[in-house]
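Now for the letters of each chain:
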Amino acid sequence: MSAESGGRTGLQGKLSQWLRGRRPKEAAGDAGGREALLLAAAGAGLPLAPAAHPAPGYRCSCDRVGCPTPARHPVSFAWQTQSTTDRAQIERWARHQPQANFITATGMVHDVLDVPLEAGREALQRLLGSGIEVGPVAESDDGRLLFFTLTRGTPEDEDEWWPCELDCHPETADEHPGLRWHCRGSYVLVPPARLPGDQAVHWVRGLEHPLPDPLSLLEVLTDVCARHVGEEPDHASAAWPLRR
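Residues numbered from 1 in each chain as written. Predicted model: local features only at pLDDT ≥ 70, side-chain atom pairs only at ≥ 80, totals over all residues. Heavy atoms only, no water.

(A) Up close: helix 6 (residues 215–228). Here helix 6 is 14 residues long and its end C-alpha atoms lie 20 Å apart, about the 20 Å a rise of 1.5 Å per residue gives. All of the buried residues along helix 6 are Leu217, Leu218, Val220, Leu221, Thr222, Asp223, Val224, Cys225 and Ala226. (Helix = DSSP H or I, 4+ residues; strand = E, 2+ residues; numbered from the N terminus. Expected span 1.5 Å × (residues − 1). Buried < 20%, exposed > 50% of the residue type's maximum accessible area, 1.4 Å probe, protein only.)

(B) How the structure looks around the pattern of salt bridges. Per the counting criterion, the structure on display carries eight salt bridges. Among the salt bridges present, the one from Arg72 reaches Asp142, with a minimum N-O distance of 3.2 Å. In this pair, Arg72 sits in the loop between strand 3 (59–60) and helix 3 (79–82) while Asp142 sits in the loop between strand 6 (137–140) and strand 7 (144–150), placing the two residues 70 residues apart along the sequence. Arg72 gets classed as partly exposed once you look at its relative accessible area, which sits at 25%. With a closest N to O distance of 2.7 Å, Arg144 and Asp114 form a salt bridge. Of this pair, Arg144 sits in strand 7 while Asp114 sits in strand 5 (residues 110–116), and the two are 30 residues apart along the sequence. (Salt bridge = Lys/Arg side-chain N within 4 Å of Asp/Glu carboxyl O.)

(C) A look at the confidence of the model for the protein chain. Per-chain confidence: the protein chain averages 81 in pLDDT, with 72% of residues scoring 70 or above. Low pLDDT, under 50, characterises residues 232–244; the predicted model gives this stretch 35 contacts beyond four residues in sequence or across chains. (pLDDT = per-residue confidence, 0-100. Contact = heavy atoms within 4.5 Å.)

(D) Just the sheet that holds strand 4 (residues 101–105), in detail. The strand order 1-4-10 describes an open sheet built from three strands, whose pairing is antiparallel. Both edges of this open sheet fall to strand 1 (48–51) and strand 10 (187–189), since each of them pairs with a single strand only. When the angles between neighbouring strand axes are averaged without regard to direction, this sheet yields 35 degrees. Strand contacts of helix 4 (residues 87–96): strand 1 and strand 4, with the helix running at about 15 degrees to strand 1, the strand carrying the most contacts. (Pairing = 2+ DSSP bridges. Axes fitted to C-alpha atoms, helices over the stretch in contact; angles between N-to-C directions.)

What follows is the structure, given as structure tokens:
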């Protein structure tokens, strides 16, 4: 067994062991439920950082006039170094910023395959019906389904890897209306999160499900997304970067 495979199996075992019997209540309308869900995410290894929250009139809590992503972005520009799984720090943030959403930085422990809602629902049904292990899945009321997976990692030699055309960063998200792959340098909102217009981000499948390898989901997701946008799937450009 390769070191990479062994590491992934070990992480899955750690996630299952930590979460066994510890799944927090899904109702997060109160501060205790919100904090429990955030601590569960951190305990499962997802690094968190505070994010903006909705303000009256479909606005954002940040000071930016006409914020293009209201309630969907980190508070600090240093979110990548600020992101943490430290329980005490997350408790302080949650209690001192009771309205804040939280983002989870991808590409450290986990990646996120982010797809349009209807395509994602169809893909989820196909994956589960085929007996493929699916990890945590979150739904955003603004029309996206988020599949949490193990990260594809950080290669020691960047030249050993092919580029992936699905890589999505916050500033390029709009360029990927279909499938988005959040890895290094990106983030997503972690449930529970509130969006403008009384919308929310919530778990469809919780963190008790181990993070799968992204390749196990990618073919179904690309096929379904391509059909929903009326294009033929391009598996060459959608594939996980391969070693030369």
